[in-house]
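Letter by letter, the chains look like this.
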Amino acid sequence: MSGQKSYADWIAVDWGTSNLRAWAMASDGTVKDCASSDKGMSTLTKDAFEPTLISLTEQWLGCTETPVIACGMVGARQGWSEAPYRAVPTTPHGTLSPCKTDDNRITMHILPGLKQDKSPDVMRGEETQIAGFLADNPDFDGVLCLPGTHTKWVHISAKEVVSFQTVMTGELFALLSQNSVLRHSVDSADWDDDAFTQAVADTLTKPETVTSRLFQIRASHLLENTAADTCKARLSGALIGAEIAATKPYWLGQNLALIGAPKLNALYAKALETQGLSPSQYVGDDLTLKGLTAAYKELIS
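Notes on the structure follow. Fair warning: this is a prediction, and the values are worked out from it, not measured in the lab. (Residues numbered from 1 in each chain as written. Predicted model: local features only at pLDDT ≥ 70, side-chain atom pairs only at ≥ 80, totals over all residues. Heavy atoms only, no water.)

Check the secondary structure of the protein chain and you find nine helices and 14 strands. For the protein chain, the C-alpha radius of gyration of 21 Å lies close to 19 Å, the compact-globule estimate for 301 residues. Dimensions of the protein chain, computed from C-alpha atoms along their principal axes, come out at roughly 75 × 40 × 30 Å. Counting all 301 residues of the protein chain, 50% fall into the buried class. Long-range pairs, those at least 24 residues apart, make up 66% of the contacts in the protein chain between residues at least 6 apart in sequence. (Helix = DSSP H or I, 4+ residues; strand = E, 2+ residues; numbered from the N terminus. Rg over C-alpha atoms; globule rule 2.2 N^0.38 Å. Buried < 20%, exposed > 50% of the residue type's maximum accessible area, 1.4 Å probe, protein only. Contact = heavy atoms within 4.5 Å.)

Written out as structure tokens, the structure is:
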């Protein structure tokens, strides 16, 4: 092809269930521009993916072909084009799946997710953050915790994902705080650090009592006029405490790092500190971009 060169040497895309983010990239990995949209996978039909991406990134395109490297739910069965899962143990990056496009200004490539057949589990998107982490920490041996809607606990050894476990703590918090009787007690923008730490400790002491502790949050609000910020922190502490109790076989005695949003990382770090751990912390968005960059370098090598 001939004509005007694209502004972006290539485009990095993180396309999740709820949101779409894209970066105009230089060939050396420098970010030239970025854009985002609330048009996540769950809002789109298959024929809407390409027009949505073009609408968001058209200002970066010229007449020459621009490679697009995408991760996340865009590669799910309900996404643009399914990028089949790869079974662990394996490296976090696999072969990019090419995707047919109608617009000849882009060439689309989607990263596959990972699956675990024994103790069935899957991930899409997190594997790219793991690849970004390992690009900077190639000798890491231990466990990565990726807090989020569906938190992942991932055993890493010899640059491979050995096994992983998903915990739905973030989704449970959202459901309980927005759609259960607890919504009347936790509606607050404030936060009570001491209440969070105590709730973590109480749940770790007796994790089997977590469901009764959840209703006690409502009862204490009604009977003792407990502040909403305290109730909210207790709910979060109870759920994260139950998660840490359930995942003890993963983190016990391991080198541990957190990958996620800074505020969520800080909560998990505070909870893990009650168990004598001091995990290192990394920003998930930064590592997503590093993982996509590593995939681009593999594509052009």
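Here the narrative resumes, following the displayed structure.
Let us now look at the sheet that holds strand S1 (residues 10–15). With respect to topology, six strands assemble into an open sheet ordered S3-S2-S1-S4-S7-S6, the strand pairing being mixed. Each edge of the open sheet carries a strand with a single partner, namely strand S3 (31–37) and strand S6 (97–99). On average, each strand axis in the sheet is inclined to that of its neighbour by 25°, with strand direction left out of account. Examined bridge by bridge, S1 and strand S4 (residues 66–72) share five bridges and lie parallel to one another. Following the sheet pairing, valine 13 is matched in S4 by alanine 70. (Pairing = 2+ DSSP bridges. Axes fitted to C-alpha atoms, helices over the stretch in contact; angles between N-to-C directions.)

Right, let's talk about the side chain of histidine 93 for a bit. The residue histidine 93 is located in the loop between strand S5 (86–87) and S6 in this model. A polar atom in the side chain of histidine 93 sits 3.2 Å from the backbone oxygen of glycine 291. Non-local contacts of histidine 93, meaning those with residues more than four positions away in its chain, are made with Arg86, Leu111, Thr128, Ala131, Gly291, Ala294, Ala295 and Glu298. (Polar contact = N/O pair within 3.5 Å; in protein donor to acceptor, adjacent residues only side chain to side chain.)

Moving on: the pattern of salt bridges. In total, this model carries seven salt bridges according to the counting rule given. Between arginine 21 and aspartate 285 there is a salt bridge, and its shortest N-O distance comes to 2.8 Å. Linking arginine 21 in strand S2 (residues 20–25) with aspartate 285 in helix H9 (residues 284–300), this pair joins segments that are 264 residues apart in sequence. A relative accessible area of 21% means that arginine 21 is categorised as partly exposed. Aspartate 285 sits in the partly exposed class, given a relative accessible area of 41%. (Salt bridge = Lys/Arg side-chain N within 4 Å of Asp/Glu carboxyl O.)

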